[in-house]
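# Chain and residue survey
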Amino acid sequence: MSAIGSQARRDRIVQLANTTGLASVEELSRLFGVTASTIRRDLAKLTTNGQLARTYGGAMALTAHPEASLRQRTGEAYEAKRDIARWAAAQVQAGESLLLDAGSTVGALAHELRTARKVTVATTGLTALQELSDVETVHVECLGGTLRPLSQGFVGPLTEAALERMTFDRVFLGTDGVSHEHGICEADLRQTRLKELMARKADHVYVLAHAAKLGRRPFHAWARLPSGWTLVTDTSADPASVEALRANGVEVVLAQPAEASPVPAQGSDAPATDDVAD
């Protein structure tokens, strides 16, 4: 980034903290091309002015990012979610056992699976249960537990205990944010623990997230996934974010609109229509 004035830089730091949830001294120093000492002085001034709250190694917005309800999120990036869901459904083979997370994008995948044959679906999400409850060709298992009203998903020890007795061919996870450094972001530590357990139980791990979630850090609970997982996003994804994820060993697929063929992110050698192995 080209050099800017100190006030403009501080305004931009506040904006970043409010949109991504956390700003670190190291990242800000690289972004603005100034020394870490300069950034620390900026953060000290912004904290004194009541614009930010200091954390170890950086700063964060004064107010936590509110978690949107599932109903609110269902209408966001609707077409992108459908494109992602169609690509994901095309990977499923007859006779497979699938594990579906809660969330609106995974719920869109459940809708696409209504035409599946001889498939077993276990899920932690009410949306997937509702979509598949009347489909005779799909065997449905509910992983019960404590219901989170906002996400319409089950979490907690009962859900985790059920998972201990099962394995799957594929797991499809949702997320509130994706970072090449930290993994996937959620509002609740129970969610991140559960997603890590889910990822360990499947041969193929997919994270379904539309482009606006790449690089987004709205909360401070993170799940680190096993190496070789696949991010399925849409074609508006920021190329720099895609490249950073790929550099960290993540397979990235850009789900094309329905009239086009899905392709892997630019630079990937693997065809997007193939199954992605861990």
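Everything below is about the structure shown above.
A few points on the structure.

What counts and how
- Residues numbered from 1 in each chain as written.
- Predicted model: local features only at pLDDT ≥ 70, side-chain atom pairs only at ≥ 80, totals over all residues.
- Heavy atoms only, no water.
- Pairing = 2+ DSSP bridges.
- Helix = DSSP H or I, 4+ residues; strand = E, 2+ residues; numbered from the N terminus.
- Axes fitted to C-alpha atoms, helices over the stretch in contact; angles between N-to-C directions.
- Contact = heavy atoms within 4.5 Å.
- Phe/Tyr/Trp six-rings, centres within 6.5 Å; stacked < 30°, edge-to-face > 60°.
- Buried < 20%, exposed > 50% of the residue type's maximum accessible area, 1.4 Å probe, protein only.
- Right-handed = clockwise from strand over helix to strand, strands pointing away.
- Parallel < 35°, antiparallel > 145°, perpendicular 65-115°, else oblique.
- Left-handed = near helix turned anticlockwise from the far one by under 90°.
- Nonpolar A, V, L, I, M, F, W, Y, C, P; charged D, E, K, R; others polar.

### Quick look at the sheet that holds strand β13 (residues 221–223)
Strand pairing within a sheet occurs via backbone hydrogen bonds; the two strands may be parallel or antiparallel. Taken in spatial order, the three strands make up an open sheet running β10-β11-β13, and their pairing is antiparallel. If you trace the sheet from one side to the other, it starts and ends with β10 (177–179) and β13, each paired once. In this sheet, adjacent strand axes meet at a mean angle of 35° when their direction is disregarded. Taken together, the three bridges between strand β11 (residues 183–186) and β13 define a ladder with antiparallel strand orientation. Bridge pairing in β13 places Cys185 opposite Trp222. Its contacts with the sheet place helix α9 (residues 189–200) against β11 and β13, and it is angled at close to 5° to β13.

### As for the packing of aromatic side chains
What the rule picks out here adds up to two aromatic pairs. On the basis of an interplanar angle of 65° and a centroid distance of 6.1 Å, the ring pair of Trp87 and Tyr206 is categorised as edge-to-face. Residue Trp87 is found in helix α5 (residues 78–90), and its partner Tyr206 is found in strand β12 (residues 202–208); the two are separated by 119 residues along the sequence. With a centroid separation of 4.9 Å and an interplanar angle of 15°, the aromatic rings of Phe172 and Tyr206 are classed as stacked. Of this pair, Phe172 sits in strand β9 (residues 168–173) while Tyr206 sits in strand β12, and the two are 34 residues apart along the sequence. For the pair shown, Phe172 and Tyr206 are each scored as buried. These aromatic residues form a ring-pair network of at least three members: Trp87, Phe172 and Tyr206.

### Quick notes on the pairing of strand β4 (residues 97–100)
Side chains Ser97 and Leu99 project from β4 onto one buried face, and the interleaved Leu98 and Leu100 project onto a second face that is buried too. As judged from the four bridges shared by β4 and strand β5 (residues 119–123), these two strands associate in the parallel manner. Paired with Leu99 across the two strands is Ala122, which belongs to β5. What joins β4 to β5 is helix α6 (residues 104–112), and the crossover it makes is right-handed.

### Quick word on the packing of α5 against α6
At a closest axis distance of 8 Å, the pairing of α5 and α6 adopts a crossing angle of 55°. Considered as vectors, α5 and α6 are oriented oblique to each other. For the pair α5 and α6, the crossing hand works out as right-handed. In this structure, α5 uses Lys81, Arg82, Ile84, Ala85, Arg86, Ala88 and Ala89 to contact α6, whose residues at the interface are Ser104, Thr105, Ala108, Leu109, His111 and Glu112. The residue inventory of the contact of α5 with α6, partitioned by class, reads six nonpolar, three polar and four charged.

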